[in-house]
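For reference, the chains in residue letters:
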Amino acid sequence: MGAAGIAMGPNLLAQGSSQSKNIPFLVGTMVMAEDLYEKGIATELDRMQALGAINTVMPFSHNHVARQYKPNYAPKTDKEGRTITDIYVKTNPKYYKNPEWGYRDPKDLYANRDILDELGEACAERNMKVYARILEPYVITGLIPGLEEYAEVDSTGEKGRNVCYNHPGYIDYWKGVIDDLIISHPNLHGFKFGQERGGPFFEALKNNAVTCFCTHCVEKAKIRGVDAQRARVGFNAFKDFSKKAKEGEAPIDGYFAAFFRILSEYPETLAYERFSKASREDQRKRMYAQIKKLNPAVQVGWHVDHSMGWSLGMRSFWPYDDMVGHSDWLSIALYFGSMGRRSYGHFKSNYQNLLFADADKETAYKMYLSINGMDPEQQPSLAEQENGGTEMHAEYVYKEAKRAVDNINGRAKVYGRIGFDHPGYNTDIQPEQVYEGTQEMFRARVDGVFCGREWEELQEKNTVAFGNAVRDHVKNNR
Ligand SMILES: [Zn+2]
């Protein structure tokens, strides 16, 4: 473990500003526009440079997604309870098939401002870059007018709660958003988009709603040689298997054999899962082509979400190869701070009590870590996870970053996104761990790094440790 100096003060602030200009790769951070507005853009950019050696800042341009995780889809509010806008950039109705798609309520806080324009000026003075980002608001919250008409259909024929990738109306929505964003911000350096939704296979194993079987999807699947009807019946069989297991009804031939038997009877479920992932990737392909046509200078990258590290489904059904050809860069989630608790929850519902339920839980946990590329001897034990959970060892950061780098093999840039101080996962991460984890990303030969999940949630001592690891890496590799 390396030394993580945490000295702070005016000297370091001055020093950091000049040092981060000489870093020859992307050192980014995600930040919320309201945090920049509240603390002051200039002040925060100076802190980012001085503490974290940051040279690229990436706010949301649109943040409708935040609401889908809140009770009653409530809006974000400031300390005084005032509603904060979901769209942080100016919009022009002429770009949208439905002009309401770009509407900002003038009563909302910051609805008269454009975070990308304001950051553009402040960053140019500091030799920093501005990237925009959007996470897909895939739950139909009523916030984006008309999305109800583009709803998914589940395997039982019911209307789903999410919007369908393949609905032409939904495709039009994104065309409008991207046109407006890219044309109205000619100096934008980069853009990231992410879709944090899983596929039908693991939803079936959780006995959740399995999608999508709308007419657009079924037709597209048919063209690609995938039998939606057989897949639908198979998913319902998996749902039944999951329901019975949860009710304590053990299969006569064992859990894994029962699982494999359904799979052998309905291999179309696997094909439909890959079809679903392909539809997800098609959304990215369309955006990439559109952005490159409008402004080829914009560096287009994708959010590789955290489930890639803990879910066998994401790991198997969404290979890095499928992202090549329409990616300038990828941002790989390496949230070692929250990974312990997040992966344990996934293990418990899908493996301990289902796929690996034939084995005792300690054996099952070791197997789970192993198939996700980790060494059970280095990672926390099952007892530690059962006892409230803890962070993962830096080995996870190295292995997961290296897996991306080796798979991509130079066909796009791979940026490691190390995560710590994640609210709700009280793991008390120390600067030494951040320093070590950041070093591990470089050891895995990533092309650049992102600091934390969101800038405003990070402890200052940990951002300093991140910045020191970046600067030490640059110094040692001159
Ligand atoms: Zn559909």
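Everything here concerns the structure above.
Reading the values: the criteria
What you see as residue numbers is a count from 1 along each chain, following the sequence as written. Where local features are concerned, this predicted model is filtered to residues with pLDDT of at least 70; where side-chain atom pairs are given and counted, the filter is 80 or more; whole-chain, interface and lining totals use all residues. In computing side-chain properties, one takes all heavy atoms of the structure into account and sets aside hydrogens as well as water. Donors, by definition, are the N, O and S atoms found within 2.8 Å of a metal, the threshold being 3.2 Å for Na, K and Ca, and water is not counted, so a site can look incomplete. Note on geometry labels: four donors, all angles 85 to 135 degrees, give tetrahedral; four donors become square planar and six octahedral when opposite donors are over 155 degrees apart and every other angle is between 65 and 115; remaining cases are irregular. Burial here depends on accessible area, computed with a 1.4 Å probe over protein chains only, as a share of the maximum for the residue type. Under 20% is buried, over 50% is exposed, and the range in between is partly exposed. Think of it this way: DSSP has to see at least two bridges between two strands before they count as a pair. Only runs of H or I of at least four residues qualify as helices and only runs of E of at least two qualify as strands under DSSP, and these elements are numbered from the N terminus. The axes are straight lines fitted to the C-alpha atoms, using for helices just the contacting stretch, and the angles between their N-to-C directions are given from 0 to 180°. We call two residues in contact when some of their heavy atoms are within 4.5 Å. Grid points spaced at 1 Å and placed over the protein atoms alone form the basis of the search, with a cavity being a set where a 1.4 Å probe fits but cannot get out and a pocket an open set showing protein on both sides within 12 Å along at least five of seven lines. Lining residues have an atom within 4 Å of a point. Grid points are joined across faces, edges and corners, and a volume is the space filled by probe spheres set on the points. Identification of polar contacts relies on pairs of N or O atoms within 3.5 Å, with a donor-acceptor requirement for protein atoms, meaning one able to donate a hydrogen and the other able to accept it, and with residues adjacent in sequence counted only if both atoms are side-chain atoms.

**Student:** Could you give an account of the coordination of the zinc ion, with specific residues and numbers?
**Tutor:** Donor atoms from the polypeptide that coordinate the zinc ion comprise C164 (SG), C212 (SG), C214 (SG) and C217 (SG), at 2.2 to 2.3 Å from the metal. Coordination geometry of the zinc ion: the four donor atoms subtend angles of 96 to 117 degrees at the metal centre, consistent with an arrangement described as tetrahedral. As a motif over one chain, the donors of the zinc ion read C-x47-C-x1-C-x2-C. When sorted by exposure, C212 lands in the same class as C214, which is buried.

**Student:** Pulling in residues and values, what's your account of the sheet that holds strand β2 (residues 56-62)?
**Tutor:** Within the closed barrel, the eight strands sit side by side as β1-β2-β3-β6-β7-β8-β9-β10. Their pairing is parallel. The average undirected angle you get between the axes of adjacent strands in this sheet is 30 degrees. Relative to strand β8 (residues 329-334), strand β7 (residues 299-304) is paired through four bridges, and the arrangement is parallel. Following the sheet pairing, H303 is matched in β8 by S331. Strand contacts of helix α5 (residues 168-184): β2, β3 (129-135) and β6 (190-194), with the helix running at about 165 degrees to β3, the strand carrying the most contacts.

**Student:** An account of the layout of surface pockets is needed here, citing residue identities and associated values.
**Tutor:** Of the voids in this model, the second largest pocket is the one considered here, and its volume is about 350 Å³. Together, 20 residues line the second largest pocket, and F25, L26, N55, T56 and K129 are the ones closest to its centre. If you list the elements that add at least two residues to the lining of the second largest pocket, you get β3 and β9 (413-418).

**Student:** Help me get a handle on the side chain of S155, residues and values and all.
**Tutor:** Here S155 lies in the loop between β4 (151-153) and β5 (159-163). There is a polar contact of 2.7 Å between the side chain of S155 and the side chain of N236. Setting aside its immediate chain neighbours within four residues, S155 contacts V210, F213, R232, N236 and K239.

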